[in-house]
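Per-entry structural report
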Amino acid sequence: MATVETVRPAKGRVRARPWRPEAGPVTGLLLAAPMLVAIVLFVAFPLVQVFVDASSGGVPVQRYTDVFTNPVSRRALATTLTDSALVAVVTVALGAVIAWTLHTTARRWVRVLLWTTALVPFWMGMIIKNYAIYLLLAANGPLNALLMGLGVVDSPLSLLYTKFAVVYGISYSLLPYAVLALYSVFVQVDRSLLSSAAVLGAGRAQVLATVVAPLVRGGVLVALALIFLLSIGFYVTPIMLGGLQTPFMATVINQQVFSLYDFPGAAASAAILLVIAFVVVATILALAGGKTLRRML
Amino acid sequence: MNTIEERPQQASTAGPPTAPPAGRHAVELIGLGKSYGPETAVAGVDLAVEHGELIAILGASGSGKSTLLKMVAGFEGPSRGRILLHGQDVSSLSPADREIGMVVQNYALFPHLSVARNVEYGLRMRKWPKRERAERVAEMLERMRLSALGDRLPRQLSGGQQQRVAIARALAYSPRIMLMDEPLGALDKALKQDLVEEIHRVHREFATTILYVTHDREEAMTLADRVVLMRDGRMAACAPVEELYLRPPTAYAAGFFSGANLVPARVVDRVEGRARVEIGGRTLDTTCPVDPLGSPVTAAVRPVCVVLDPPDDAWALEGEVTDRLFLGDSVQLKLAYSDADTSGVVSCLLPATAPGLPGAVGEKVRFGFTPDTARIVPDDQETR
């Protein structure tokens, strides 16, 4: 016969306090309190203060129109928006290739290599990254040496202080964000859909067009928005690689604060950047549709 | 029933027409093998499948059955050998050009397309004209009893309906063969039974050749005309389903497919050309004419062929119940026996109403094997 072990009483104290599987409202509030305080102090308050500052003294509306009429800030705004749009497209395109390969490859070493490639920019300081690219693009740098060695060009190209350099630098910094955002979308595409489409007669391009594209469209739009938003706030890269001739809004705001002591003007510039960012995000999220958001959250 | 031949001419760009060419097999695998580096996943499989046959490829996980199917589908390139579909060598063709249909375990329906658009997908890829696509889709939906669901999205369907969509999608363009990869693997038992019947009906009505991969011997038994038993990348057996069940050729087939007890025995005599073996000191007549006297063999006895309180002491063993499972109409017992030189555990299946059924673990019982139900099976352990 099977022997039944006698149940020994548990050692230690026996608690009789009632317990519920979910924490009560007081516990929850206490746990959340530090975060709530931080959000109010460091996010909500500055946001409101920007608009308050922009309206303080003088003619409030004129500060906003100044941003568009002043040739320096107008040009900076245009540069910021066009460069950031380029960055978004380039980064999402590159990130999509990397993220899709990460999702579909069967080879471990490819995955390791791609994750490393994608995440290395995360581990380097902003200055180091930009300095590395600065050296790479310099007139006597390796890229020019290669181009001249191959006979593509006769004299060094001036790659630094161009739109190309700025877009390159920002894209490099933002690539990890694009890869991570897109990967989280791509992993939701069941790979058996791809093989099923293939058996049903679809070639590789057709599989991408008829199965993958409709399924990831929303996620790609969200990634574009994310990269665009991160890009319009860039400060170091446009200065180091773009020089002072093609400043971003962040540079202009910096000058307004530290050179001109025009705090309300700086606040107005920041507010306009903020509104543009908000409009872009709202538009893209509307395009992407609520379904995509619910799936990502 | 004749819709398979009603294929529009313009659709026959890839491959020969669907009507089976005379004298050719629907599927022919010739020395088909696959290795990943030093690992051999499938080793030289030869198989010829008749038109309209349903072949179950049965095996435990890691037996190579899925790799075999992937090679036929075109997802894996074979390391050796060739694959012929309707006589055409498709070994180096893309999956898209092989003209096959496939149903996989999660059905892989396109989540962004309606049921009708899912079924239409293969026809669009084959550039059927719009009107013929619509006709064909309507026909397939009707035959798979999905007409009312054409506008639904896959996630709005039940598991059974999803499977019917997957089958309709795979058969819409009249593929040369249909591959099914564990289509019932993730389902509960009650639903499974319904879907087994559905697949049976589809096979009958569409007269399609089907390669059906599964690890479930009951599915294989119910559906298949023939069973290919895979083990360690090799074809361990290939036989009509009843033949394989009642007369398993090897110990592995007896254990895996017939669920038989494998009992060590020794040949002691021959009666009318058949072996009489000794098990635990008792003798038993078998159905096999094999082996020199005195050699150790393995006898396969299915659980239903174990009887309690045999009338003849000559083949009664003494045992003890070590486990008892109530299965509804029947009760499964594990009986441990031991003797001077042998010991073992046999599993036996008895009607729940059988007289003298042991009621508890630990009871002593007398049991034996029904004469002429034991088979001597060659040990195939060394084929590893």
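The structure contained in this document is the topic of the report that follows. Since the model is a prediction, treat every value here as computed from it, not as a measurement.

With that settled, the discussion passes to the overall build of chain A. Along its length, chain A carries 13 helices and zero strands. Starting at the N terminus, the α and β elements of chain A follow one another as α-α-α-α-α-α-α-α-α-α-α-α-α. Seen through its C-alpha atoms, chain A measures out along the principal axes to roughly 95 × 60 × 40 Å. Per-residue burial for chain A yields a buried fraction of 37% across its 297 residues. Taking all contacts inside chain A whose residues are at least 6 apart in sequence as the whole, residues at least 24 apart take part in 74%. Accessible surface for chain A amounts to roughly 17800 Å². Of this, 71% is attributable to carbon and sulfur atoms. Side-chain charges in chain A split into 20 positive and 8 negative, and the spacing between the mean points of these groups amounts to 14 Å.

What follows covers the pattern of salt bridges. All names here are of chain B. By the definition in use, this model includes 19 salt bridges over all chains. When the shortest N-O distance is used, the salt bridge between Arg136 and Glu139 registers 3.2 Å. With Arg136 and Glu139 both in helix α3 (residues 130-143) and three residues apart, this pair spans about one turn of that helix. Note that Lys364 and Glu320 form a salt bridge whose closest N and O atoms lie 2.9 Å from each other. Taken as a pair, Lys364 in strand β19 (residues 364-369) and Glu320 in strand β16 (residues 317-326) lie far apart in primary sequence, 44 residues in all. Take Lys364: its relative accessible area is 63%, and that puts it in the exposed class. Glu320 sits in the partly exposed class, given a relative accessible area of 31%. One connected set of salt bridges, linked through shared partners, spans Arg145, Glu198, Arg201 and Glu205.

Below, the discussion takes up the interface of chain A and chain B. With 18 residues of chain A at the interface, the matching set in chain B holds 22 residues. Buried surface at the junction of chain A and chain B, summed over both partners, amounts to about 1600 Å²; 66% is from carbon and sulfur atoms. Of all residues in chain A, Leu193(A), Val199(A) and Leu200(A) bury the most surface against chain B, accounting for 41% of the area lost on that side. Summed over the shared surface of chain A and chain B, the result is zero salt bridges. Viewed at the interface, chain B and chain A are joined by six residue pairs in polar contact (both at pLDDT 80 or more). Counting residues per element, the ones that place at least two in the side of chain A that touches chain B are α8 (191-199) and α9 (204-232) of chain A. The dominant element in the side of chain A that touches chain B, judged by the number of residues it contributes, is α8(A), at seven residues. Its residues placed into classes, the side of chain A that touches chain B shows ten nonpolar, six polar and two charged.

Turning to the nonpolar core, a few remarks are in order. Residue and element names in this part refer to chain B. If you look at the biggest cluster of nonpolar residues, it comprises 123 residues, and the most contacted ones within it are Leu29, Leu68, Tyr121, Ile167, Leu179 and Val227. Of the domains in this structure, domain 1 (3-245) and domain 2 (252-378) are the two that each give at least three residues to this core. Residues within four places of Leu179 in sequence aside, it is in contact with Leu69, Val72, Ala73, Ile100, Gly101, Met102, Val103 and Leu211. Ala275, Leu317, Val321 and Phe367 belong to the second-largest nonpolar core, a separate cluster that totals 30 residues.

A separate point is the state of the cysteines. The bond known as a disulfide is covalent and runs between the sulfur atoms of two cysteines. All names here are of chain B. With the rule as written, the count across this model stands at zero disulfides over all chains. With no disulfide of its own, Cys305 lies closest to Cys348 among cysteine sulfurs, the gap being 11 Å. You can call Cys305 buried: its relative accessible area is 6%.

Conventions we followed
- Residues numbered from 1 in each chain as written.
- Chains lettered and ligands numbered in written order.
- Predicted model: local features only at pLDDT ≥ 70, side-chain atom pairs only at ≥ 80, totals over all residues.
- Heavy atoms only, no water.
- Helix = DSSP H or I, 4+ residues; strand = E, 2+ residues; numbered from the N terminus.
- Buried < 20%, exposed > 50% of the residue type's maximum accessible area, 1.4 Å probe, protein only.
- Contact = heavy atoms within 4.5 Å.
- Areas by Shrake-Rupley, 256 points an atom, 1.4 Å probe, with all protein chains shown as cover.
- Lys, Arg positive; Asp, Glu negative; His and termini not counted.
- Charge placed at Lys NZ, Arg CZ, Asp CG, Glu CD.
- Salt bridge = Lys/Arg side-chain N within 4 Å of Asp/Glu carboxyl O.
- Buried area = accessible area lost by both parts, 1.4 Å probe.
- Polar contact = N/O pair within 3.5 Å; in protein donor to acceptor, adjacent residues only side chain to side chain.
- Nonpolar A, V, L, I, M, F, W, Y, C, P; charged D, E, K, R; others polar.
- Core = buried A, V, L, I, M, F, W, Y, C linked by side-chain atoms within 4.5 Å.
- Domains from an automatic or database assignment.
- Disulfide = S-S within 2.5 Å.

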